[in-house]
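Summary of the model geometry
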Amino acid sequence: MTTGGVSVCAPARASCGIPLRSACTNLDGCVEIVYGVRGTHCGDIDSVEVRVRNNCPTAADIELCYQRRDGTCACGTHRGVAPQTEASPPFWACDVTGAFRMSARAAGDPAGCHPHICR
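All values reported here derive from a predicted model rather than from experimental measurement. (Residues numbered from 1 in each chain as written. Predicted model: local features only at pLDDT ≥ 70, side-chain atom pairs only at ≥ 80, totals over all residues. Heavy atoms only, no water.)

Next up on the list: the pattern of salt bridges. Pairing is possible between side chains of opposite charge, provided their charged atoms come close. Taken as a whole and assessed by the stated rule, the structure comprises seven salt bridges. Ionic pairing is found between aspartate 28 and arginine 105, a salt bridge with its closest N-O pair at 3.2 Å. In this pair, aspartate 28 sits in the segment before strand S1 (31–38) while arginine 105 sits in strand S7 (residues 96–106), placing the two residues 77 residues apart along the sequence. Take aspartate 28 and arginine 105: they sit in the same class, and that class is buried. Across the salt bridge formed by aspartate 95 and arginine 69, the nearest N and O atoms sit 2.4 Å from each other. (Salt bridge = Lys/Arg side-chain N within 4 Å of Asp/Glu carboxyl O. Helix = DSSP H or I, 4+ residues; strand = E, 2+ residues; numbered from the N terminus. Buried < 20%, exposed > 50% of the residue type's maximum accessible area, 1.4 Å probe, protein only.)

Evaluated as defined, the whole model comprises four disulfides. For cysteine 65, the disulfide goes to cysteine 75, at an S-S distance of 2.0 Å. Here the disulfide of cysteine 65 and cysteine 75 is right-handed, its torsion about the S-S bond being about 110°. Within this pair, whereas cysteine 65 is found in strand S3 (residues 60–68), its partner cysteine 75 is found in strand S4 (residues 73–81), the two being separated by 10 residues in sequence. Relative accessible area serves as the criterion here: at 39%, cysteine 75 is assigned to the partly exposed category. (Disulfide = S-S within 2.5 Å.)

The strand order across the open sheet built from three strands is S4-S3-S7, with neighbouring strands paired in antiparallel fashion. Of all the strands in the sheet, just S4 and S7 have a single pairing partner and so form its edges. Averaged over all pairs of adjacent strands, the angle between their axes in this sheet comes to 15°, without regard to strand direction. Pairing of S3 with S4 involves seven bridges; the strand directions are antiparallel. Its bridge partner being in S4, leucine 64 is matched across the sheet by glycine 76. (Pairing = 2+ DSSP bridges. Axes fitted to C-alpha atoms, helices over the stretch in contact; angles between N-to-C directions.)

For the rest of this paragraph, the subject is the confidence of the model for the protein chain. Within the protein chain, residue pLDDT values average 79, and 77% of them lie at 70 or more. Across the protein chain, the secondary-structure element scoring lowest on mean pLDDT is S7, at 88, and the one scoring highest is strand S5 (residues 85–86), at 96. This stretch, residues 1–21, has a pLDDT under 50; its non-local contacts, to residues over four places away or in other chains, come to 48 contacts. (pLDDT = per-residue confidence, 0-100. Contact = heavy atoms within 4.5 Å.)

Throughout the structure, instances matching the rule amount to one aromatic pair. Ring geometry for tyrosine 66 versus phenylalanine 100: centroids 5.9 Å apart, planes at 55°, classification tilted. Here phenylalanine 100 lies in strand S7 and tyrosine 66 lies in strand S3, a separation of 34 residues in the sequence. On the basis of relative accessible area, phenylalanine 100 is assigned to the buried category, the value being 5%. Over the ring of tyrosine 35 we find arginine 51, and its NZ or CZ is 5.1 Å from the ring centre. (Phe/Tyr/Trp six-rings, centres within 6.5 Å; stacked < 30°, edge-to-face > 60°. Lys NZ or Arg CZ within 6 Å of the ring centre and 35° of its normal.)

This is the structure we're talking about:
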């Protein structure tokens, strides 16, 4: 995978400092990043594209948040990604630092299971 120094921080891990609601089913461990590349969108070297695959035994809602250069987040969620499939289309954003956070929860978990915080 080509990531160009991208850092990934799953919010359920204590080192990230991002709490989750107790009703959330954490699937971070079985969703994988299968591809990452910079500079392929918006005619901008500061763009990034990431593709993810759900290797979980259940459908997943997968969110990626990219940190923009101005400090804001660009987030997107794929809902109901079937087991053993790749989310489509890929996640991408422009004018970003390359840092992003991925969060995977069981499909249908309540609102708030994906904290929208870039770190």
